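# Architecture and fold: a report
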Amino acid sequence: MNFVAKALNLSVSAAERLEERNILRKAIIKHPFFPDVIEAFRLDKKFGFYEDGTVVVKATDGVRVFRGFPKIRRALVLNPTLKKHFGDREIALEEKMNGYNVRVVKIGENLYSITRRGLICPYTTEKARESIESDFFEDYPDYMLCCEAVGLASPYVPNEVYGIEGLDFFLFDIRNSRTNESLSVREKEEIAESYGFRIARVYLTTHPDDFNGIKEVIDELNSNRREGVVFKDIEMKVDPLKYTTSSANTSDLHYAFRYFGEYARDFMLARIVREAFQSFEFHESCEEFNERCLRLGKAILEPMISSIRECSEGKTIYDESVLIFSSHEVLELFKQHLRLLGVDFKVEILDENGEIRVKFKRVMRSTNDRIRGILNGSTWR
């Protein structure tokens, strides 16, 4: 605990208490695939001004702190929220891509990928080393690349709308790893061009009172089944806000109600509330409103009935994803990683022609147990 205490300006006893309370937890499985890391701990909850997901690493080249990615507040209506939050500042409308948030960092001689929760993920690390050149870190050693990992071969959020069969990284922020200060939107774009990084698209730069222009972007994203938009002050001096499309809300609901035993009611209610405020602000016609109601109802009932039917036929409900590994070593390490997270899963190797294609089937235990109990006569709570 000495290196963690010193890095976070704590006493050793305070750091030990954080570990006893499970706020400070291991961030990595020791393995030769992670040669530069001696020990690593993560904050599972916000502590002081350190965000949850903050990681402290004792490495071969010293002790490093990688701050957690800050939570972004959500706008439920565009007007007056954007004006109230940003004032008259110029803002960028950046696509909020539908993948999972990772911080790509350099520790010692190698790249590492840190997930939102502060875990150093072997699968994502393998993909980052294959996709991202490390020369950026020679010039910016104190920074981290904040990316959305996107594609069908995702262990957390597989998504086909981008036409990416594997897993790719889209840069959306560049932050100082110790202070969490972000470079401006323009600086990020220039660096991305210089180093060949793919980048989350900026659809529009405008001002907060440009309701029609902003709505056009949201409508375009919605029609293309994209997740939404992040509103960013061009200079990154004011915290961003996010806003999701109706397509994303209904997609989330479809997933959550398919595995309703695993997802809290707040998760589901929040997305229904978003739909209500969007419908109100967009002044929908009767036809548009009825279409929204139909989408919402189908997103709730269809997946639930599908799960009930499968359980009634004796099948097990799984969440499936197909991942692509370059080595059996990383595959086995990723299995250990999932066990560390407490994930109940099964694995099926599909193909080993150059790459190792693997189907991971996560057992949705609570949903299976809940449905089977009800079908066998149990009451609802």
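First, a word on what this report is: a plain description of the structure on this page. (Residues numbered from 1 in each chain as written. Predicted model: local features only at pLDDT ≥ 70, side-chain atom pairs only at ≥ 80, totals over all residues. Heavy atoms only, no water.)

What follows covers the overall build of the chain. Helix and strand counts for the chain stand at 12 helices and 16 strands. Dimensions of the chain, computed from the C-alpha atoms along their principal axes, are close to 60 × 60 × 50 Å. Per-residue burial for the chain yields a buried fraction of 50% across its 381 residues. When contacts within the chain are restricted to residue pairs at least 6 apart in sequence, long-range pairs at least 24 apart make up 65% of them. When the accessible surface of the chain is summed, it comes to about 18600 Å², and 48% of that surface belongs to carbon and sulfur atoms. A gap of 7 Å separates the mean positions of the 57 positive and 62 negative side-chain charges of the chain. (Helix = DSSP H or I, 4+ residues; strand = E, 2+ residues; numbered from the N terminus. Buried < 20%, exposed > 50% of the residue type's maximum accessible area, 1.4 Å probe, protein only. Contact = heavy atoms within 4.5 Å. Areas by Shrake-Rupley, 256 points an atom, 1.4 Å probe, with all protein chains shown as cover. Lys, Arg positive; Asp, Glu negative; His and termini not counted. Charge placed at Lys NZ, Arg CZ, Asp CG, Glu CD.)

Let us look at the nonpolar core. Membership of the largest hydrophobic core comes to 52 residues, with the highest contact counts inside it found for Val104, Tyr123, Leu145, Phe197, Phe325 and Phe360. The contact partners of tyrosine 123, leaving out residues within four places of it in the chain, are Tyr100, Ala153, Pro155, Leu167, Leu323, Ile324, Phe325, Val330 and Phe334. (Core = buried A, V, L, I, M, F, W, Y, C linked by side-chain atoms within 4.5 Å.)

For the rest of this paragraph, the subject is unusual backbone geometry. Note the cis peptide between asparagine 79 and proline 80, where omega equals 15°. Summarising the element assignment, proline 80 is placed in the loop between strand E5 (73-74) and helix H3 (81-86). With a phi angle near 70°, asparagine 180 is a residue other than glycine that sits in the positive phi range. Residue classification places asparagine 180 among the buried residues on the basis of a relative accessible area of 7%. The backbone of arginine 225 shows a phi angle near 60°, a positive value even though the residue is not glycine.

So, about the packing of aromatic side chains. What the rule picks out here adds up to 22 aromatic pairs. Put simply, the rings of Phe136, Phe137, Tyr140, Tyr143, Tyr195 and Phe197 touch in pairs and so form one group of aromatic residues. The side chain of arginine 129 reaches across the aromatic face of phenylalanine 33, ending 4.5 Å from its centre. Its guanidinium or amino end placed over the ring of phenylalanine 267, arginine 271 lies 3.6 Å from that ring's centre, counting from NZ or CZ. (Phe/Tyr/Trp six-rings, centres within 6.5 Å; stacked < 30°, edge-to-face > 60°. Lys NZ or Arg CZ within 6 Å of the ring centre and 35° of its normal.)

Time to look at the sheet that holds strand E10 (residues 168-176). Spatial ordering of the open sheet is given by E8-E7-E9-E10, a layout of four strands whose pairing is antiparallel. Looking at strand neighbours, the two that pair on one side only are strand E8 (110-115) and E10, the edges of this open sheet. Neighbour-to-neighbour, the strand axes of the sheet open up by a mean angle of 30°, direction not taken into account. Running at roughly 135° to E8, helix H4 (residues 122-131) makes contact with strand E7 (100-107), E8 and E10 of the sheet. (Pairing = 2+ DSSP bridges. Axes fitted to C-alpha atoms, helices over the stretch in contact; angles between N-to-C directions.)

Before going further, it helps to spend a moment on the pairing of E8. Along E8, five of the six residues are buried, which leaves the element largely enclosed by surrounding structure. Relative to E8, E7 runs antiparallel, the two being bridged by six bridges. Across the sheet, lysine 106 pairs through a bridge with leucine 111, a residue of E8. The turn linking E7 back onto E8 is made up of two residues, and glycine 108 within it adopts a positive phi angle of 65°.

The next thing to look at is the packing of H4 against helix H11 (residues 328-340). In the contact formed by H4 and H11, the axes pass within 8 Å of each other and the chain directions differ by 140°. Classified by the interaxial angle, the pair formed by H4 and H11 is oblique. Each of Pro122, Tyr123 and Glu126 in H4 lies in contact with H11, whose residues at this interface are Val330, Leu333, Phe334 and His337. Each residue belonging to the contact of H4 with H11 can be placed in one class, and the counts come to five nonpolar, one polar and one charged. (Parallel < 35°, antiparallel > 145°, perpendicular 65-115°, else oblique. Nonpolar A, V, L, I, M, F, W, Y, C, P; charged D, E, K, R; others polar.)

Taking 1.5 Å of rise per residue, the 13 residues of H11 would be expected to cover 18 Å, and the 18 Å separating its terminal C-alpha atoms lies within 8% of that figure. Along H11, the positions that sit buried rather than exposed are Val330, Leu331, Leu333, Phe334, Lys335, His337 and Leu338. Close packing links the buried residues of H11 with H4, strand E14 (318-325), strand E15 (345-351) and strand E16 (356-363). Where H11 ends, the next residue or the one after it, glycine 342, has phi of about 80°, a positive value. (Expected span 1.5 Å × (residues − 1).)

Right, let's get into the environment of valine 105. Counting through the fold element by element, valine 105 comes out in strand E7. Along the chain, valine 105 and serine 177 lie 72 residues apart, while their C-alpha atoms are 8.5 Å from each other. For valine 105, the contacting residues outside a window of four places in its chain are Phe66, Asn110, Leu111, Tyr112, Ile114, Phe137 and Met144.

Applying the stated rule across the entire model yields zero disulfides. Among the cysteines around cysteine 121, which has no disulfide bond, cysteine 147 carries the closest sulfur, lying 14 Å off. Among the residues examined, cysteine 121 registers a relative accessible area of 0% and is labelled buried. (Disulfide = S-S within 2.5 Å.)

Let's shift gears to the sheet that holds E5. Here we have five strands laid out as an open sheet, ordered E5-E13-E12-E6-E11, and mixed in their pairing. Two strands lie at the open edges of the sheet, namely E5 and strand E11 (202-206), each paired on one side alone. Where strand E6 (residues 91-96) meets E11, four bridges bridge the pair, whose relative direction is antiparallel. Directly across from isoleucine 91, in E11, lies its bridge partner threonine 206. The strands touched by helix H6 (residues 185-195) are E6, E11 and strand E12 (228-233); relative to E12, the strand with the most contacts, the crossing angle is about 115°.

Contact pair helix H8 (residues 246-258) / helix H9 (residues 265-281): the axes reach a minimum separation of 10 Å and the direction vectors enclose 155°. With respect to H9, the element H8 is oriented roughly antiparallel. You can see that H8 and H9 cross each other, and the crossing is left-handed. Only Phe267, Met268, Arg271, Ile272, Arg274, Glu275 and Gln278 of H9 make contact with H8, whose side of the interface consists of Ser246, Asn249, Thr250, Asp252, Leu253, Ala256 and Phe257. (Left-handed = near helix turned anticlockwise from the far one by under 90°.)

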